[in-house]
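# Structure at a glance
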Number of protein chains: 2
Amino acid sequence: MAGLTGGDPSLLRRINSAVVLHALRATDSATLTEITRVTGLSRPTVEGVVEGLIEAGLVVEAAADESTARRQGRPARRFRFRAEAGHLLGLEIGPHRVAALLSDLDGRVIGAQAKDVDENAPADERLERLRTAVAELLRRAGVARGSLRAVGAATPGIVEADGTVRLGTALPGWTGLGLGERLGRSFKCPVLVENDANAAAVAEHWKGAARESDDIVFVLAGLSPGAGALIGGRLHRGYGGAAGEIGALHLLGRDVTPETLLSTTDQPLHPLDEQAVARVFAEAREGDERARAAVERYLQRLVHDVAALVLALDPELVVIGGWAAGLDGVLEPLRRELARYCLRPPRVTLSLLGEAAVATGALRLALDHVEEQLFAVEGATARR
Amino acid sequence: MAGLTGGDPSLLRRINSAVVLHALRATDSATLTEITRVTGLSRPTVEGVVEGLIEAGLVVEAAADESTARRQGRPARRFRFRAEAGHLLGLEIGPHRVAALLSDLDGRVIGAQAKDVDENAPADERLERLRTAVAELLRRAGVARGSLRAVGAATPGIVEADGTVRLGTALPGWTGLGLGERLGRSFKCPVLVENDANAAAVAEHWKGAARESDDIVFVLAGLSPGAGALIGGRLHRGYGGAAGEIGALHLLGRDVTPETLLSTTDQPLHPLDEQAVARVFAEAREGDERARAAVERYLQRLVHDVAALVLALDPELVVIGGWAAGLDGVLEPLRRELARYCLRPPRVTLSLLGEAAVATGALRLALDHVEEQLFAVEGATARR
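Residues numbered from 1 in each chain as written. Chains lettered and ligands numbered in written order. Predicted model: local features only at pLDDT ≥ 70, side-chain atom pairs only at ≥ 80, totals over all residues. Heavy atoms only, no water.

## Description of the confidence of the model for chain A
All names here are of chain A. Residues with a pLDDT of 70 or more make up 85% of chain A, whose mean pLDDT is 85. The lowest-confidence element of chain A is helix H1 (residues 2–5), averaging 34 in pLDDT; the highest-confidence one is strand S4 (residues 87–93), averaging 98. Overall, residues 1–7 carries pLDDT values under 50, and its contacts beyond four positions in sequence, including any with other chains, amount to 14 contacts. Note that pLDDT drops below 50 for residues 377–384; the model gives that stretch 17 contacts with residues more than four away or on any other chain. (pLDDT = per-residue confidence, 0-100. Helix = DSSP H or I, 4+ residues; strand = E, 2+ residues; numbered from the N terminus. Contact = heavy atoms within 4.5 Å.)

Structure (structure tokens):
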């Protein structure tokens, strides 16, 4: 165990920096004495580390507290984490809109921008809309592009580890697109690409309906539902990034598609026509028999798909998002059927973040990346 | 990071012991010089640790190699891990049989015993059969009960972390049974209880069809299929231990049960009557039209259940076990349908361990427990 008792001095310096940053980030500000106490490091070590962090722009001396100054003469110097030392973007690229969230290094959102985009827009046009939204957002917030430390982007489809969309039928020209590489041209920092339902699951766990649970399934309900799952608080992507893509399940039983189930005419709905879907739901609420039957068929399908996920994964909590979250009475049939057929039925709740979930999750993934760089040196943070 | 540079001397001793044991276990025998080189520990430290391990009975001086002795005069003393210093049991408690595997501390199987049991036998009788099998096995192998370091047991049903069967409909009197506690009365060592499909997944990963993959689903196919999944090499139990219990999925579509699907008469099969099932499959092979239609219906159901798991989890590999593993042609339809409907179809293969899978997995879980105690001190082993 030579590595534990001797070891690389530069590694030790990085570990100590991470430990001090971690401590400072958990509080408004702290004196050197307080940092020494919390971290267990020696006073000279803390002084050296804080000096280095100030040089790196990550720590700054906090404004003197005047009341303390008056009472005690010269107060001890206080230091704080500079959350404004860098920024993060969370991007959503969907069929009907692109959206961007901007935050500081604490993950505090300081600006948002969204733009509609035509569902038939080719990939270039969709990405151009996104670039425009990002440029406007940065300009309005007064944040320089060079201040960005990481960008997260979420989109429908199966996304490879390198940011390539392996399969994305919801957006034209999406399958095979090197999305990470394309987005990377606009930024000097790392760009992380994730499936939209996966990102939404992360978002609900961070600041939505799943804050209290580490084992969740998020269902992004639409005509073709997708899902994201956290297991033990970590995103479960699957071996090939395709976990949770339950939209194809109905095909196996040779059942009709959701587009047909939800139709009140002899023609199936267009898979991306959310307004047509909303009309059917509105008609059902107003008592239209044909619409009610269509909605009932759709709910049965949703229950089946969610049950498949629940039986496979056994989560503590299921969060329903996407447009089905706006449905009257989607929760009750889900709870009832899951209680009937699942050996251990999970709690079922609606998304708290609504349409912000996907971009929020993308932002959180960017934040995870930066935190990993700043705070976690060979698991030092995790063990404390 | 005081803990890394200073630290508790007894913890350090345990870490060093674990490191030396780990090194010895990876080889037939080693000299002190070799251990020093492999572990990076100092010669006096290695000498002290080896002495302690000899006192604990875990290490012994290996027999002198005579050829070396002749060549070099007095050869360096060699030491080896005493795999015979303790033993492990892997138990299967199923509807029709109980089985036990006995191994040494290397997981090498040194004996096996199985007994038939009536599917209607009450819990007490079933456990008594198991106790008899274990007693016979230990006696035949000449292993004292006190030599057992851990016992793993696998059984159908949802098993709580404390070894209680939360739900187990396949065996009479099983739901609510404190199985871990009941088994614990026969042993002084820890007893670990696990779901049978989960155990089989672990077994196929250890020494079966899934040795090369860390992301697998094992399907224990029967009239009501269960499944176990490994994610990143680790068993995924689910929040309440119910992950993979896909047998209830067909109920959601209001579909008929597998017992009815597989029947060639107007009466459903008995859920546990494997011989009746075998007859249907045999008749189908002989060309009986009604039996062929029944088998076809059953395979479609199995494909649907497996597809639900695959879409939810996205494994690299699906291993089919249970009695369906004996079916002619279960693989081809599965592969064909998964390729059609899964966005990233996994490889599909048959179990290599057959009916030994469940007990073998239980044994591996017992071995994991012992290795954790012997070799892993705060992750020291994992990092090397």
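## Points about the packing of aromatic side chains
The final tally for this structure, using the stated rule, is 0 aromatic pairs over all chains. A cation over an aromatic ring shows up here: Lys207 of chain A above the ring of Trp206 of chain A, its NZ or CZ 4.3 Å from the ring centre. (Phe/Tyr/Trp six-rings, centres within 6.5 Å; stacked < 30°, edge-to-face > 60°. Lys NZ or Arg CZ within 6 Å of the ring centre and 35° of its normal.)

## Section: helix H14 (residues 357–375) of chain B
Taking 1.5 Å per residue, 19 residues should reach 27 Å; H14 of chain B reaches 25 Å between its end C-alpha atoms and fits that length. Where burial is concerned, most of H14 of chain B is hidden: 15 out of the 19 residues are buried. (Expected span 1.5 Å × (residues − 1). Buried < 20%, exposed > 50% of the residue type's maximum accessible area, 1.4 Å probe, protein only.)

## Description of the environment of Leu235 of chain B
Residue and element names in this part refer to chain B. Within the secondary structure, Leu235 is located in strand S13 (residues 234–235). When the C-alpha positions of Leu235 and Asn198 are compared, they lie 7.1 Å apart, and in sequence the two are 37 residues distant. Once residues lying within four places of it in the same chain are set aside, the contact partners of Leu235 are Glu194, Asn198, Val202, Ala229 and Leu230.

## Topic: the side chain of Asn198 of chain A
By secondary structure assignment, the location of Asn198 of chain A is in helix H8 (residues 196–207). Separated by 3.0 Å, the side chains of Asn198 of chain A and Glu194 of chain A make a polar contact. (Polar contact = N/O pair within 3.5 Å; in protein donor to acceptor, adjacent residues only side chain to side chain.)

## A few points about the pattern of salt bridges
Going through the model one piece at a time under the given rule, you end up with 44 salt bridges over all chains. Salt bridges sharing common partners tie together Arg25, Asp106, Arg364, Asp368 and Glu371 of chain A. (Salt bridge = Lys/Arg side-chain N within 4 Å of Asp/Glu carboxyl O.)

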